[in-house]
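Close look at the chain arrangement
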Amino acid sequence: MRTKIVTTLALIFFISLSAQDKKWTLQECIDYALENNIAIKQQELTNEMLTEDIVSAKGNFYPSLSASASQNFNFGSYIGNDGGRISRDSRSNSFRLNTGVTLFNGNRNRYNLLQSQKTLEAAGFDLQDNKNNIMLFVINSYLNVLLNKESIRITSDQIEISISQVLK
């Protein structure tokens, strides 16, 4: 039992050591943050939806066309003019084709298209602003890590100097 625990702990220790062998550059940190940020992915999906809104707004300029078909079956009997019962089945078909063109609606289609385009443009600026903020945060954090490493080095140098002065 004890060997299993020791083996498991040793395995976890070596995995944690090998996971930290990679040295990240600043550009790798920024790229990783931009690729894996959920807010950026959501904004990119929102931009795709806004692009589809533009396609829909452009579609409002085209004429509309609709078609339908139906078929009815009637089975049974009815009473004829002479008062006798007549057994008869009937069938009917119906086909429809409708089209429509908007001649003028107060420029609503034009303004909807402009609004969709401007909304997409604004969303693009928001996305870029969010990316810039994330890059600044990563750069700031990266520089803080470098500063802390340098502070550790300076402190250890000071400790060595203090020890050497005490020993003299």
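Here's what I pulled together on the structure shown here.

Parameters at a glance
Residues numbered from 1 in each chain as written. Predicted model: local features only at pLDDT ≥ 70, side-chain atom pairs only at ≥ 80, totals over all residues. Heavy atoms only, no water. Patch = residues over 30% accessible without salt bridge, like charges linked within 9 Å, V, L, I, M, F, W, Y side chains within 5 Å. Areas by Shrake-Rupley, 256 points an atom, 1.4 Å probe, with all protein chains shown as cover. Salt bridge = Lys/Arg side-chain N within 4 Å of Asp/Glu carboxyl O. Helix = DSSP H or I, 4+ residues; strand = E, 2+ residues; numbered from the N terminus. Buried < 20%, exposed > 50% of the residue type's maximum accessible area, 1.4 Å probe, protein only. Core = buried A, V, L, I, M, F, W, Y, C linked by side-chain atoms within 4.5 Å. Contact = heavy atoms within 4.5 Å.

A closer look at a nonpolar patch on the surface
Taken together, the side chains of Val101, Leu103 and Phe104 make up a nonpolar region of the molecular surface, amounting to roughly 420 Å² of accessible area. Along the polypeptide, Leu103 turns up in the loop between β2 (85-100) and α4 (108-167). Given a relative accessible area of 81%, Leu103 falls into the exposed group.

Remarks on the pattern of salt bridges
Evaluation of the coordinates by the stated rule reveals 5 salt bridges. The shortest N-O distance in the salt bridge between Glu44 and Lys131 comes to 4.0 Å. You can see Glu44 sitting in helix α3 (residues 38-59) and its partner Lys131 sitting in helix α4, a full 87 residues away along the chain. Judged by its relative accessible area of 33%, Glu44 is partly exposed.

Focus: the nonpolar core
Counting 7 residues, the largest nonpolar core consists of Cys29, Ile30, Ala33, Ile40, Leu127, Ile134 and Val138. Elements with a contribution of two residues or more to this core: α2 (26-36) and α4. With residues up to four places along the chain from it excluded, the contact list for Cys29 reads Trp24, Val138 and Tyr142.

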